[in-house]
Amino acid sequence: MSPSLDDLPLRDDLRGLTPYGAPQAPLPVALNVNENTHPVPEEVADDILDAVARALRDVNRYPDREFTHLRESFAEYLGHGLTPDRIWAANGSNEVLQHLLQAFGGPGRTAMGFGPTYSMYPLLTRATGAQYVAGTRGPDFTLDPASAAAQVSELRPDVVFLCAPNNPTGTPLGLDVIEAVYDATDGIVIVDEAYQEFAPRESPSALTLLGERERLVVSRTMSKAFAFAGARVGYLAADATLIDALRLVRLPYHLSALTQAAATAALSHSSTMLRMVDEIVAQRDRMSATLDALGYHAYESWTNFVLFDGVDDPRATWQALYDRGILVRDVGIPHSLRVSAGTEDETTAFLEALASIDSEA
């Protein structure tokens, strides 16, 4: 008989926890994990393949531990006067966040987010031995500068997560909230901009706030706007001294030569890769308008997904969509479901399936 977790000498603080996991199923339309469902353009894919092929010739050697060329490419892409020594990268933004928690969290320390927000924040926090505390948002999931700062001042966390725009709600986050939270703590403030490319073009990034704020971090990912989820590449910008702290906890050679080559090649085609963003935003807005017309309420979203409420039985609706070949996400918010913006055909399939469920109700 196979042992259970209870039979193993597992850390006490991990007992009773469940691993992160969105449903994975081979359905025709998968709109549940906020992927970019558009394939990498062929001309970009060809260049990436060439770069990976060149890297394979030296794969018997360890990769560049400092991933120099990739950091240069990220600095150029982000702009704002950033230099490579202010850039860090890892295998997905989750590992970037893990590095930050390993360096600035850990046993006896506390990390804080404002729920509902990205479900990996508490999981990463607890896995690195720290305690996670959830702050609160307004009824419409917005964050007010005074309220956010007051909560941070009261709880005095060592690390604060600000998801901008927020996952799973899509809610924008003003720079005034970030400034207020930063001023209210002596800890690290992480602004997670995984979906920033889907925000309105005129909306300023938290990168504009870095300046001399040595405890501020802005993290990003290539998974969403760059259609690079399978490559697992996340990155951040911060003060160069903070970057030095991350070297203390990273594993040696944590970014493979093949990952570095693929990501650098993709970044050299950033304008081509980002053309998909406009189409995704158009489908997102189309979804929001149609959901409202169907009698649901679509929350304002600056991301590549839409959270909508007015769902009488989220589990039943999720299952009915699943039975029609559509995979969406039940994120645990009462009477709500979340759906990613896909291609035009995928968006149409979702909306038609939801309308057919309503007509049968």
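In this text the structure is predicted, and so the values were computed from the model without any measurement.

Enquirer: Can you lay out the sheet that holds strand β12 (residues 336-340) for me, pointing to particular residues and giving the numbers?
Expert: The antiparallel open sheet is built from three strands, whose spatial order is β9-β10-β12. With one partner strand each, in any of the chains shown, β9 (297-298) and β12 form the two edges of the open sheet. As paired strands, β9 and strand β10 (residues 305-309) are joined by two bridges and run antiparallel to one another. Residue pairing for β10: Ala298 is matched across the bridge by Phe308.

Enquirer: Requested: an account of the packing of helix α11 (residues 314-323) against helix α12 (residues 344-360), with residues and values cited.
Expert: Put simply, α11 and α12 touch, their axes get as near as 10 Å, and they point 120 degrees apart. On the basis of the axis angle, α11 is oblique to α12. Pair α11 / α12 crosses with right-handed handedness. Side by side, α11 and α12 meet where Thr317, Ala320 and Leu321 of the first sit next to Phe350, Ala353, Leu354 and Ile357 of the second. Here the residues of the contact of α11 with α12 sort into six nonpolar, one polar and no charged.

Enquirer: Summarise the packing of aromatic side chains; cite the residues concerned and give the values.
Expert: Under the defined criterion, the tally for this structure stands at eleven aromatic pairs. Between the aromatic rings of Phe67 and Trp88, the centroid separation amounts to 5.2 Å while the plane-to-plane angle is 65 degrees, which identifies the pairing as edge-to-face. Note that Phe67 is positioned in the loop between α1 (42-56) and α2 (68-78) and Trp88 in strand β2 (residues 87-90), a separation of 21 residues in sequence. Here Phe67 matches Trp88 in class, with each residue buried. Taken together, the ring pairs connect Tyr118, Tyr121 and Phe161 into an aromatic cluster. One Lys or Arg, Arg215, reaches over the ring of Tyr182 and ends 4.1 Å from the middle of that ring.

Enquirer: Describe the sheet that holds strand β7 (residues 216-221), naming the residues involved and giving the relevant values.
Expert: With respect to topology, seven strands assemble into an open sheet ordered β2-β8-β7-β6-β5-β3-β4, the strand pairing being mixed. Every interior strand has two partners, whereas the edge strands, β2 and β4 (131-136), have only one. This sheet shows a mean twist of 25 degrees between the axes of neighbouring strands, independent of strand direction. Strand direction decides the pairing type here: strand β3 (residues 110-115) and strand β5 (residues 159-163), joined by two bridges, are parallel. Bridge pairing in β5 links Ala111 to Val159. α2 rests against β2, β7 and β8 (234-237) of the sheet, and its axis sits at about 115 degrees to β2.

Enquirer: Could you give me a rundown of the UniProt feature "domain: Aminotransferase class I/classII large" (unreviewed entry) in the chain, with the residues and numbers involved?
Expert: According to UniProt, the feature "domain: Aminotransferase class I/classII large" (unreviewed entry) maps to residues 29-354 in the numbering used here. In this annotation, residues 29-354 is assigned 40% helix and 16% strand; the end-to-end C-alpha distance for the span is 13 Å.

Enquirer: Provide a residue-level description of the nonpolar core, including the pertinent values.
Expert: Core analysis: the largest hydrophobic core is formed by 75 residues, its most contacted members being Leu100, Met222 and Phe228. Counting residues per element, this core draws most heavily on helix α8 (residues 257-267), which supplies six residues. If sequence neighbours within four positions are ignored, Leu100 has contacts with Gly105, Ile190, Val217, Leu236, Leu242 and Leu246.

Enquirer: Can you break down the domain arrangement of the chain residue by residue, with the values?
Expert: Examined at the domain level, the chain breaks down into domain 1 (5-40 + 275-360) and domain 2 (42-272). Regarding the contact of domain 1 and domain 2, the summed buried area is about 2,600 Å², with carbon and sulfur atoms giving 63% of it. Looking at the side of domain 1 facing domain 2, the largest losses of area belong to Val40, Arg275 and Trp302, adding up to 28% of the total buried there. Our count for the contact surface shared by domain 1 and domain 2 stands at one salt bridge. Arg201 serves as the salt-bridge partner of Asp278, at 2.6 Å between the closest nitrogen and oxygen. Taken together, the links from domain 1 to domain 2 amount to 13 residue pairs in polar contact (both at pLDDT 80 or more). Secondary-structure elements contributing two or more residues to the side of domain 1 that touches domain 2 are α10 (275-293) and β10.

Enquirer: Before we move on, could you go through the UniProt feature "modified residue: N6-(pyridoxal phosphate)lysine" (unreviewed entry) in the chain and cite the residues and values that matter?
Expert: UniProt records the feature "modified residue: N6-(pyridoxal phosphate)lysine" (unreviewed entry) for Lys224 in the present numbering. On the basis of relative accessibility, which here comes to 14%, the residue Lys224 falls in the buried class. In this view, Lys224 contacts Val33, Asn34, Asn36, Ala194, Tyr195 and Phe198; residues no more than four positions away in its chain are not counted.

So, how was this worked out
Residues numbered from 1 in each chain as written. Predicted model: local features only at pLDDT ≥ 70, side-chain atom pairs only at ≥ 80, totals over all residues. Heavy atoms only, no water. Pairing = 2+ DSSP bridges. Helix = DSSP H or I, 4+ residues; strand = E, 2+ residues; numbered from the N terminus. Axes fitted to C-alpha atoms, helices over the stretch in contact; angles between N-to-C directions. Parallel < 35°, antiparallel > 145°, perpendicular 65-115°, else oblique. Left-handed = near helix turned anticlockwise from the far one by under 90°. Contact = heavy atoms within 4.5 Å. Nonpolar A, V, L, I, M, F, W, Y, C, P; charged D, E, K, R; others polar. Phe/Tyr/Trp six-rings, centres within 6.5 Å; stacked < 30°, edge-to-face > 60°. Buried < 20%, exposed > 50% of the residue type's maximum accessible area, 1.4 Å probe, protein only. Lys NZ or Arg CZ within 6 Å of the ring centre and 35° of its normal. UniProt positions renumbered as here; feature names shortened; annotations may be inferred. Core = buried A, V, L, I, M, F, W, Y, C linked by side-chain atoms within 4.5 Å. Domains from an automatic or database assignment. Buried area = accessible area lost by both parts, 1.4 Å probe. Salt bridge = Lys/Arg side-chain N within 4 Å of Asp/Glu carboxyl O. Polar contact = N/O pair within 3.5 Å; in protein donor to acceptor, adjacent residues only side chain to side chain.

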